[in-house]
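A look at the structure
The lines below spell out each chain.
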Amino acid sequence: MAWLIVIAIVLLILAFPVGVDAQYASGNSFLKLKLGFFRRTLLPSSQKKDKKKKKKKTTEKPSKPGEEDQKKEKKKPGLTLDDILTLAEIALDALHRFFFHLSVDLLVVHWCAGASDPYGAVQQYGRVNALLGITEAKLRNALKIRESDIQTALDLGAERPEIVARLVLSIQIWEILLIGVCAGVPALRWMINKKRMERAAAAAG
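Once that is clear, we can look at the overall build of the chain. A count of helical and extended segments in the chain gives five helices and seven strands. Taken from N to C terminus, the helices and strands of the chain fall in the order α-β-β-β-α-α-β-α-β-β-β-α. About 16600 Å² of surface is accessible on the chain, with carbon and sulfur atoms providing 63% of the total.

What follows is the structure in structure tokens.
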């Protein structure tokens, strides 16, 4: 029975969604970190922290003769082109998996076009509608959007546009672990092969 309770708790933790809740609006912008039903406000910060960094004086010891040559010999060879391509492939695969599992819980864009010139406001309204139409279609093809609210309006009496945007993103903990494992295994395999080749080159030299 105890094992079943432990397994149930672990599965519950793995199913917890983590993500961010960000909003941009005049006078009501915020950035929150969410874990399940819990929210923690990051911006605006309620606590003002004094950031005073003390500069530490570092005294450099004079290098002994021949010490610089030894340091140069200890330097490891840099990454080759094959190494860079392999790491880039691993990173791109992890990024693809991340966006595949990422969920857009809420996407809100309210844009009321306005400008000092009424003709400029009408032009802005048309450009914004065209841009949002293209962007929304691409986002729906690339991401899982659960709920969206995109509206545009035109106010010929406003001197500047009024924008309200909100984005709520989430991903479950087990999905993050899966992405980490899928990226960590080939990265570890590359690292082992790299070390083996360096030892073989050192033994041959």
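The next subject is helix H3 (residues 81-101). Between its first and last C-alpha atoms H3 spans 30 Å; for 21 residues at 1.5 Å apiece the expected length is 30 Å, and the two agree. Asp83, Ile90, Ala94 and His101 are the residues of H3 that are buried. Within H3, the buried residues cover an arc of 35 degrees as seen down the axis, which keeps them to one side. For H3, the exposed residues lying more than 90 degrees away from the buried face are Leu81, Asp82, Leu85, Glu89, Leu92, His96 and Phe100. On its buried side, H3 packs onto strand E4 (103-113), strand E5 (144-145), strand E7 (162-172) and helix H5 (173-204).

Going from Leu43 to Pro44, the amide bond is cis rather than trans, its omega being -5 degrees. Relative to the helices and strands, Pro44 resides in the loop between strand E3 (38-43) and helix H2 (67-74).

A word on the packing of aromatic side chains. All chains considered together, the criterion is met by one aromatic pair. Over the face of the ring belonging to Phe30 we find Lys32, whose NZ or CZ atom lies 4.7 Å from the ring centre.

Across the eleven residues of E4, eight count as buried, placing the element largely inside the fold. In this structure, E4 lies alongside E5, joined through two bridges in parallel fashion. Paired with Val104 across the two strands is Ile145, which belongs to E5. Bridge count for E4 against E7 is nine bridges, and the pairing is antiparallel. Its bridge partner being in E7, Val109 is matched across the sheet by Ala165.

Moving on to the nonpolar core. Residues Val104 and Leu107 are the most contacted members of the largest nonpolar core, which totals 14 residues. Breaking this core down by element, the ones donating at least two residues are H3, E4, helix H4 (118-142), E7 and H5. Setting aside residues up to four positions removed in sequence, Leu107 forms contacts with Leu139, Ile145, Glu147, Ser148, Asp149, Ile150, Arg166 and Leu167.

In this section: the pattern of salt bridges. Taken as a whole and judged by the stated rule, the model has six salt bridges. Taking the shortest distance from any N to any O, the salt bridge between Arg97 and Asp93 comes out at 3.0 Å. On the criterion of helical spacing, the pair formed by Arg97 and Asp93 is a turn pair, its members being four residues apart in helix H3. A relative accessible area of 30% places Arg97 in the partly exposed class. Its relative accessible area of 32% is what places Asp93 among the partly exposed residues. Measuring nitrogen to oxygen at the nearest pair gives 3.4 Å for the salt bridge that ties Glu136 to Arg140. Of this pair, Glu136 and Arg140 are both found in helix H4, four residues apart, which corresponds to roughly one turn of the helix. By relative accessible area, which is 40% here, Arg140 ends up partly exposed. Salt bridges linked by common partners bring Lys34, Asp105 and Arg146 together as one network.

What counts and how
Residues numbered from 1 in each chain as written. Predicted model: local features only at pLDDT ≥ 70, side-chain atom pairs only at ≥ 80, totals over all residues. Heavy atoms only, no water. Helix = DSSP H or I, 4+ residues; strand = E, 2+ residues; numbered from the N terminus. Areas by Shrake-Rupley, 256 points an atom, 1.4 Å probe, with all protein chains shown as cover. Expected span 1.5 Å × (residues − 1). Buried < 20%, exposed > 50% of the residue type's maximum accessible area, 1.4 Å probe, protein only. Arc of directions from axis to C-beta. Contact = heavy atoms within 4.5 Å. Phe/Tyr/Trp six-rings, centres within 6.5 Å; stacked < 30°, edge-to-face > 60°. Lys NZ or Arg CZ within 6 Å of the ring centre and 35° of its normal. Pairing = 2+ DSSP bridges. Core = buried A, V, L, I, M, F, W, Y, C linked by side-chain atoms within 4.5 Å. Salt bridge = Lys/Arg side-chain N within 4 Å of Asp/Glu carboxyl O.

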